[in-house]
Amino acid sequence: MNVRTRIAPSPTGDPHVGTAYIALFNLCFARQHGGKFILRIEDTDQQRSTDESEAAILASLRWLGLEWDEGPDVGGPHAPYRQSERSGIYRQHADILLERGHAFRCFCTSERLDALRREQQAAQQTPGYDGHCLALDAADVERRVAAGESHVVRMKVPREGVCVVQDMLRGEISIEWSQVDMQVLLKADGMPTYHLANVVDDHLMEITHVLRGEEWINSAPKHMLLYQYFGWQMPALCHMPLLRNPDKSKLSKRKNPTSILYYRRMGYLPEALLNYLGRMGWSMPDEREKFTLAEMLANFAIERVSLGGPVFDLAKLDWLNALWIRENLSLDQLADRLQEWALNRDNLLQLLPHLQPRMERLSDFAPAAAFLASGMLPLTEAHFAAWTDRDALVRQLQFTQWRLESVTPWERDRIFAAVKALAEEMGLKIRDFLAPLFIAIAGTSATISVIDSMHMLGSDLSRARVRHAIEMLGGVSKKKLKDVEKAYAALGGPPA
Ligand code: GLU
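**Some words on empty space enclosed by the protein**
Inspection of every chain in the model, using the stated rule, returns one cavity of 30 Å³ or more. The space that makes up the largest cavity amounts to roughly 50 Å³. Looking at the largest cavity, the residues that line it are Arg6, Asn198, Val199, Asp202, Val210, Arg212, His223, Tyr227, Met234, Pro235 and Leu237. For the lining of the largest cavity, the secondary-structure elements that each account for two or more residues are helix 6 (194-204), strand 8 (209-213) and helix 7 (220-230). Sort the elements by how many residues they give to the lining of the largest cavity and helix 6 lands first, with three residues. Taken together, the residues that form the lining of the largest cavity break down as six nonpolar, two polar and three charged.

**Here's the deal with the packing of helix 15 (residues 390-405) against helix 17 (residues 430-442)**
Interaxial distance between helix 15 and helix 17 falls to 11 Å at its minimum, and their mutual angle equals 85°. Between helix 15 and helix 17, the angle is such that the two are roughly perpendicular. Contacts from Leu393, Gln396, Leu397 and Thr400 in helix 15 reach Phe433, Pro436 and Leu437 in helix 17. A class-by-class count of the residues in the contact of helix 15 with helix 17 yields five nonpolar, two polar and no charged.

**Re unusual backbone geometry**
Omega for the bond connecting alanine 79 with proline 80 falls within 30 degrees of zero, at -5°, which places this linkage in the cis form. Considering the arrangement of structural elements, one finds proline 80 in the loop between helix 2 (51-63) and helix 3 (87-99). With omega at -15°, the peptide bond leading from threonine 408 into proline 409 counts as cis. Tracing the backbone through its elements, the reader meets proline 409 in the loop between helix 15 and helix 16 (412-425). The phi torsion at glutamate 287 lies on the positive side, around 65°, for a residue other than glycine. Glutamate 287 sits in the exposed class, given a relative accessible area of 52%.

**Describing the pattern of salt bridges**
Opposite charge on two side chains permits pairing when their charged atoms draw close. Summed over the entire model, instances satisfying the criterion amount to 33 salt bridges. For glutamate 295, the salt bridge goes to arginine 288, with nearest N and O atoms at 3.7 Å. Exposure remark for glutamate 295: the relative accessible area of 29% places this residue in the partly exposed category. Relative accessible area serves as the criterion here: at 31%, arginine 288 is assigned to the partly exposed category. Sharing partners across several salt bridges, the network here consists of Arg6, Arg40, Glu42, Arg86, Asp201 and Asp202.

**Let's talk about the site of the ligand**
The immediate surroundings of the ligand are formed by Arg6, Ala8, Ser10, Glu42, Tyr194, Asn198, Arg212 and Trp216. One of the side-chain nitrogen or oxygen atoms of arginine 212 is found 3.0 Å away from an oxygen atom of the ligand. Starting from 300 Å² of accessible surface for the ligand in isolation, the protein chains cover 82%. Residue classes in the shell around the ligand are distributed as three nonpolar, two polar and three charged.

**Topic: the layout of surface pockets**
Each pocket or cavity is described by its volume, and for the second largest pocket that value is around 470 Å³. Secondary structure elements with two or more residues in the lining of the second largest pocket: helix 15, helix 19 (459-472) and helix 20 (478-490). For the lining of the second largest pocket, the class distribution of residues is four nonpolar, four polar and six charged.

**With respect to the sheet that holds strand 4 (residues 152-155)**
On the basis of which strands lie adjacent, the open sheet formed by three strands has the order 3-4-7 and antiparallel pairing. Of all the strands in the sheet, the pair left with one neighbour each is strand 3 (103-106) and strand 7 (184-186). Each strand axis lies, on average, 45° off the axis of its neighbour in the sheet, ignoring direction.

**A short note on helix 19**
With 14 residues, helix 19 extends 20 Å from end C-alpha to end C-alpha; this agrees with the ideal 20 Å at 1.5 Å per step. Most of helix 19 is tucked away, with eleven of its 14 residues classed as buried. Turning to helix 19, the residues buried within the fold contact helix 8 (260-265), helix 15, helix 17 and helix 18 (450-457). Note on helix 19: the residue one or two positions beyond its end, glycine 474, has a positive phi of about 105°.

**Observations regarding the packing of aromatic side chains**
By the definition in use, this model includes 15 aromatic pairs. Where tyrosine 194 meets tryptophan 216, the ring centres are 4.5 Å apart and the plane angle is 45°; that geometry is what we call tilted. With tyrosine 194 in helix 6 and tryptophan 216 in the loop between strand 8 and helix 7, this pair connects stretches of sequence that are 22 residues apart. Between phenylalanine 384 and tryptophan 387, the aromatic rings sit 6.0 Å apart at their centres with planes inclined by 55°, giving tilted as the arrangement. Given the relative accessible area of 24%, tryptophan 387 is considered partly exposed. Put simply, the rings of Tyr21, Phe25, Trp282, Phe291 and Phe300 touch in pairs and so form one group of aromatic residues.

Calculation rules
Residues numbered from 1 in each chain as written. Predicted model: local features only at pLDDT ≥ 70, side-chain atom pairs only at ≥ 80, totals over all residues. Heavy atoms only, no water. 1 Å grid on protein atoms, 1.4 Å probe; cavity = no way out; pocket = protein on both sides within 12 Å on 5 of 7 lines; lining within 4 Å. Points joined across faces, edges and corners; volume = space filled by probe spheres on them. Helix = DSSP H or I, 4+ residues; strand = E, 2+ residues; numbered from the N terminus. Nonpolar A, V, L, I, M, F, W, Y, C, P; charged D, E, K, R; others polar. Axes fitted to C-alpha atoms, helices over the stretch in contact; angles between N-to-C directions. Parallel < 35°, antiparallel > 145°, perpendicular 65-115°, else oblique. Contact = heavy atoms within 4.5 Å. Buried < 20%, exposed > 50% of the residue type's maximum accessible area, 1.4 Å probe, protein only. Salt bridge = Lys/Arg side-chain N within 4 Å of Asp/Glu carboxyl O. Near = heavy atom within 4 Å. Polar contact = N/O pair within 3.5 Å; in protein donor to acceptor, adjacent residues only side chain to side chain. Areas by Shrake-Rupley, 256 points an atom, 1.4 Å probe, with all protein chains shown as cover. Pairing = 2+ DSSP bridges. Expected span 1.5 Å × (residues − 1). Phe/Tyr/Trp six-rings, centres within 6.5 Å; stacked < 30°, edge-to-face > 60°.

Structural data, given as C-alpha cells:
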C-alpha cells in the first residue's frame, strides 16, 4: 500500500502547537512506510479563515523543519489543496448523496432550530436535528428549491443501533447512532461543512491513514457513514491524545501559550520544540529524551504512542531547549541563530521607526529594544507602587488579558480599538488605563507606544506578559474569580 497521510489545518488563528504535533506524527508515520505526507488547507469557514493565518501556519511548520510532499504552496497531483478552491467538487458529491437518498434538503429556519434546541435542553435530551424535513414530499421539495428557498443539505443517520469505529490506538470505539446528529453537509451558501469536505478530500487525495486529535472521535461515525454512502473505503483512523496543561485540562491559550509564534518569539530552537512535541505521548525505544527528527523517524512506531494525556510542560521544554543550545550549537551557529532570531533586518526595520526618534547615540538601541527581545520581564511589586488599590489593578489587568484574547487578526488598529473600548467600558481615561499595561508589557512607561510594542511582541507573548504581571501581583484567587468574571461579563464586551 502507498501510505498517504495528511494534516488539514483550518487557517482561523495563530499556528497552534497542536497542529505541529499532529503534523509531526503524520510525517513520521508516512516516512516510516515510505509514503507521502500532504498538507491541505480546510478553509471552508470563510468568515474566520484568513490568508495571514494560512501563511503563518505554513511558515511555522516549515520553521520547525516539517516538510510536506503535496500542498497549496508546493502543488501536487491532487491540486488544489485549499478547500475554498474545490467547492464545485463538494456540491457534486452532495448531489450524489441526494440522488441516492442518503441525504435530504432541510428548510428549517434558525428560529425553529433554536426553539428545538431549547426544548431538548429543557428535557435534558441530546441536542440534535429531529428529522422534521425528512417527511417532506419530493414534489414539494422540488418546488421550494426552484423557488430559491434557502436550505441546507443534511445526511441521513440511523436512529437505532450502535456504530463501531476502529481506531489504530484505541481498538473498537462504540457510539450509539442516537447520539449522532443528522449533520449538515452543505450550508445554505453552498459551502460544505468540515465533514463533507474532509471525507471527500481524504478519498480523492487517496489518504490511507488519518492521524488526528482525539477531539475528532465523535465525528468518526458520521465520516464512516459517508464513506459507506459513497461506497468508498475509509482510511484507517488514529486519534492522538490531546495535549494538556499541567493541571490536565485541555491545552488552551487561556492557561498556556499555544501559538508556535510565541515559542519562536521566546527563543526556543525549532529542533528543541519539535523534539519536545515528539515526546508528547511517544518515547524512543531507549527512552532518551533528546533526539532529532531523523532519529525519531528512524525509530518511529505508532504503537509506542501512549494514550494518557501528555502534559505540555514549559519547565520541561526549557530544560530541553537549554540542552539543545549548549550541546548542539557551535558558537558560530549560536551567533547565526541570534542574528536570525532578533537582529535580522525585518525585525530591525519594524522596530527602528519607533526607536530612531528616541535615539541620541547608537548605544541607546540595546536598552530601548531589550524588552522586545526578552521573554518574561523581571517585574516586582515596586514596579506597580503607584497603584494603591491592588484589587482594582489586578482586575483591570485580568480584563485586559481577556479582551486581548478576542483580537484577531493581531493588527495594530484592532489592538488599539479593543483596549480603548475596554477603557471606556470601565470608565477610565485611556492614559490611566494604559499606564499599568506599559509596565506589564515593557517594564516601564518611558518607552515606545505600548500598542506598537504589543503588536511587535505578538498576541501570545503580550498576553503572557500581562498574565505574568497578574501572577506577580498575587493573581486572582479562585474565590474571587467568579466575581471578576461576572464584572467582566457585565461590561458588555466579548464574553470571557
Ligand atoms: N480541519 C480540521 C482541523 O482544523 C481537520 C481535522 C481532521 O484532521 O480531520 O483540525
